[in-house]
Structure formats: C-alpha cells, structure tokens
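# Summary of structural features
Take a look at the letters that make up each chain.
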Amino acid sequence: MSMFRRRHADSLETELRRNRPEPREDFVRQLEARIAADRTPAPSRRGAGRRLGLAVALTAALLAVAAVMGGVSYAASSVSHAAHAVAVVFKFTPHEVGSISSAAADQYGKVTLCHNGHEITVAQQAVPAHLAQGDTIGKCPVFAPPVLGTAADDTLDLSKTRANAVIVDRKGNNTIETNNRDNKVTTGAGADRITTGTGSNLVKSGAGADTIVSKGKDTIFSGAGNDTINVRNGKTNFVNCGSGRDVVIADSVKIDFVGDSCEVVRRGTFKK
C-alpha cells in the first residue's frame, strides 16, 4: 500500500513539473536587461550619489559652524560676565589717608608723586614706600640753578625767592630757610638748622645734631647724630631717621608717616 502511495506521489510531482507555468520570453528579456542595467551605474546615478555625498558634507560643515558660533557666543558671554565681576570686585572706593586725599588724591584714590624727576601716580597705600625712596608728593617741580654753600658756617635765606631751589651745603654749621615753593636741601656733617616753607620739600641732612622744622609737606631723611625733627604742621610728612637718638614731633598716625628708625616719636594735634 505504501509503495503504491509513493509511486503515485512521484508521478504527480513529475506531472506538475511538466505542466508548471513558464514566464513569457519578453518578460524574461526585460528582466535580464534591468538586472544588467542595475549592475552598471549610470552617469545620472553617479551624479545623484555625488550630490548626496556633497549634501551630507555640507550639512556636517554647517553643523560644525553652528557649533563653533555657539561656542564663540558662549565664550563672549562668559568674558562679558567675567569682566563685570572684575569691575565689581576691583571698583575703586576713595578713602582718606591723612591729608593726602584732600591735597593730592584724585577721585580714584590715586596720588601723584615725583619719582626721580618723573611724575607717577600710585595707590594711597603705596605712598609711604615711595616716600621712603625719596619721592615727593605732587608734580615734579622745575628748579632754579643750585645754591651752593661754602666751607664756613653759612646762613642761606631763600624765603623771599620765588623759584624752586636746590640747596647744597655739606660743610659747617649752617642755617637754611627755604621759600614756600618746592625745594631740595642737602647738608653735611655740621650741626645744621633747616626750616622749610609751605611747599613740598625733600631734606637730606648729614651727620651732626641737626634741627629740622617743617612747615610744608616734606620728605625728610636725617643722618647720623641726635636730631630733632618737628613736622607737626597739620600736613602730610614722611620722616626717616639715621643712627643716634632722634626725636620726632609729629601729627597723628593718620597724617604723618614716621619710620621705625626714629627712637622717640611724640604725636599730637597741630595748633595754628
């Protein structure tokens, strides 16, 4: 029975294969032509591929540019915010340091100094250090020809003159009085008495027991010896002492700067 069934199936499969439908010849030729055409890229398709690649590249470039511009915009915004923060942190607030703020400081808390013949501006906090180097407060003056002393004891009275003076008297026990302009005074080893006017003066005394009386805004360097320096005049002064037992009569610490090298400092209030 099983053998009959198998022979019947084989004959049925053979009959079906013999009578299966075949595609038309024109359909087969069209299909072969289409397959051949797909295997060989046409110029138009190559162009389309190139255009597609160009579009992809252009899109990538535009995205990159957008990212860069976005970064630049963000960076510029960051710089702007940083600059604003710095401006807030470092905003100048004028504050008084002695009488400098009223006499020499501008609205930004700067002080004009004469440094080695050149005008500079520094913060008020830096003034003592510059005065210690010999700088003077205010603009650099123009000086007349120097006045030179002799080897004897000299009396040099320039109180009536009008020009800024340079006075050099290194010998003898001298008495020197300046005018109310800006002056420079240098003395030597004698016992000198120096009186300055109401201008800005630079005084450098030598060895000996010197007496210096200031009426101006002075920078004073006293040399060796027991010196007496009176700068209690209500104006800003800077005093630095040499060796010896020196006595300084000064205004309050808010007005006068007195170096630690001065042995005795007597503070008080100036009375006209």
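Keep in mind it's a predicted model, so treat the numbers as computed, not measured.

Rules of the game
Numbering of residues starts from 1 in every chain and runs along the sequence as written. Reporting in this predicted model follows two pLDDT cut-offs: at least 70 for local features of residues, and 80 or more for side-chain atom pairs to be given and counted; totals over whole chains, interfaces and linings ignore these cut-offs and use all residues. Only hydrogens and water are set aside when side-chain values are computed; all heavy atoms of the structure are taken into account. The numbering of helices and of strands both runs from the N terminus, where a helix is a DSSP run of H or I of at least 4 residues and a strand a run of E of at least 2. Residue contacts are counted whenever heavy atoms from the two residues lie within 4.5 Å of one another. Only the protein chains shown count as cover for residues, with accessible areas throughout obtained via the Shrake-Rupley method and a probe of 1.4 Å. Each residue carries a pLDDT score, the predictor's own confidence in it, on a scale running from 0 to 100. Two rings from Phe, Tyr or Trp (for Trp, the six-membered ring) form a pair when their centres sit within 6.5 Å of each other. Planes less than 30 degrees apart are called stacked, planes more than 60 degrees apart edge-to-face, and all others tilted. The rule is simple: take the accessible area with a 1.4 Å probe, protein chains only, and divide by the maximum for that residue type; under 20% is buried, over 50% is exposed, in between is partly exposed. DSSP bridges decide pairing: two strands pair if at least two such bridges lie between them. By nonpolar core is meant a set of buried Ala, Val, Leu, Ile, Met, Phe, Trp, Tyr and Cys residues that side-chain atoms within 4.5 Å join together. For this analysis, a polar contact is any N or O atom pair within 3.5 Å, provided that within protein one partner can donate a hydrogen and the other can accept it, and provided that sequence-adjacent residues contribute only side-chain to side-chain pairs. Two cysteine sulfur atoms form a disulfide, by the criterion used here, when they sit within 2.5 Å. Comment: axis = line fitted to C-alpha atoms, over the contacting stretch for helices; angle = value between 0 and 180 degrees taken between N-to-C directions.

### Here's the deal with the overall build of the protein
The helix and strand inventory of the protein stands at 5 helices and 17 strands. Within the protein, residue pairs in contact and separated by at least 24 positions form 15% of the contacts whose partners lie at least 6 positions apart. A total of about 17,500 Å² of accessible surface is found on the protein, and carbon and sulfur atoms cover 59% of it.

### Side note on the confidence of the model for the protein
Considering every residue of the protein, the mean pLDDT works out to 75; 60% of them sit at 70 or more. Throughout residues 61-107 the model reports pLDDT below 50, and contacts reaching past four residues in sequence, or to other chains, amount to 33 contacts.

### Description of the packing of aromatic side chains
Evaluated as defined, the whole model comprises 1 aromatic pair. Ring centres of Phe221 and Phe238 lie 6.3 Å apart, and the angle between their planes is 55 degrees; this geometry places the pair in the tilted category. Taken as a pair, Phe221 in strand β12 (residues 219-221) and Phe238 in strand β14 (residues 238-240) lie far apart in primary sequence, 17 residues in all. Take Phe221 and Phe238: they sit in the same class, and that class is buried.

### Here we look at the sheet that holds strand β10 (residues 201-204)
Pairing within the open sheet is parallel, and its 7 strands lie in the order β4-β6-β8-β10-β12-β14-β16. At either end of the open sheet lies a strand with only one pairing partner, and these are β4 (147-148) and β16 (257-258). Note that β12 and β14 share 3 bridges and pair parallel. Each bridged residue has a counterpart across the sheet, and for Ile220 the counterpart in β14 is Val239.

### With respect to the nonpolar core
In terms of nonpolar packing, the biggest core is built from 18 residues, with Ile167, Ile229, Val231, Val239 and Val248 touching the most fellow members. Here Ile229 is in contact with Ile212, Ile220, Ser222, Val239, Cys241, Val247, Val248 and Ile249, once residues within four sequence places are set aside. In this structure, Val122, Ile137, Phe238 and Phe257 belong to the second largest nonpolar core, which totals 8 residues.

### Structural notes on the environment of Ser205
Locating Ser205 in the fold gives a position in the loop between β10 and β11 (211-213). Distance from Ser205 to Arg193, taken between C-alpha atoms, is 9.6 Å for residues 12 residues apart in sequence. Ignoring any residue separated from it by four or fewer positions in sequence, one finds Ser205 in contact with Thr187, Asp210, Ile212, Phe221, Ser222 and Gly223. Polar contacts involving the side chain of Ser205 include one to the side chain of Asp210, which spans 3.4 Å.

### Here's the deal with the pairing of strand β2 (residues 118-123)
Pairing of strand β1 (residues 110-115) with β2 involves 6 bridges; the strand directions are antiparallel. If you follow Cys114 over to β2, its bridge partner there is Glu119. Between β1 and β2, which follow one another and run antiparallel, lie 2 residues, and Asn116 among them has a positive phi close to 50 degrees.

### Quick look at the state of the cysteines
Here the structure, examined in full by the defined rule, presents 2 disulfides. Note that Cys241 is cross-linked by a disulfide to Cys262, the S-S spacing being 2.1 Å. In this structure, the disulfide formed by Cys241 and Cys262 twists by about 95 degrees around the S-S bond and is classed as right-handed. Separated by 21 residues along the polypeptide, Cys241 in the loop between β14 and β15 (247-250) and Cys262 in the loop between β16 and β17 (264-267) bring together distant segments of the chain. Residues Cys241 and Cys262 agree in their burial class; the two are buried. Bonded cysteines in the protein are paired 1-2, 3-4 when counted in the order they occur along the chain.

### Things to note about the sheet that holds strand β9 (residues 193-195)
Here we have 7 strands laid out as an open sheet, ordered β5-β7-β9-β11-β13-β15-β17, and parallel in their pairing. Strand pairing shows two members of the sheet lacking a second neighbour, β5 (155-157) and β17, which therefore form its edges. The mean angle between the axes of side-by-side strands here comes to 5 degrees, regardless of whether they run parallel or antiparallel. Here strand β13 (residues 228-230) pairs with β15 via 3 bridges, running parallel. Following the sheet pairing, Ile229 is matched in β15 by Val248.

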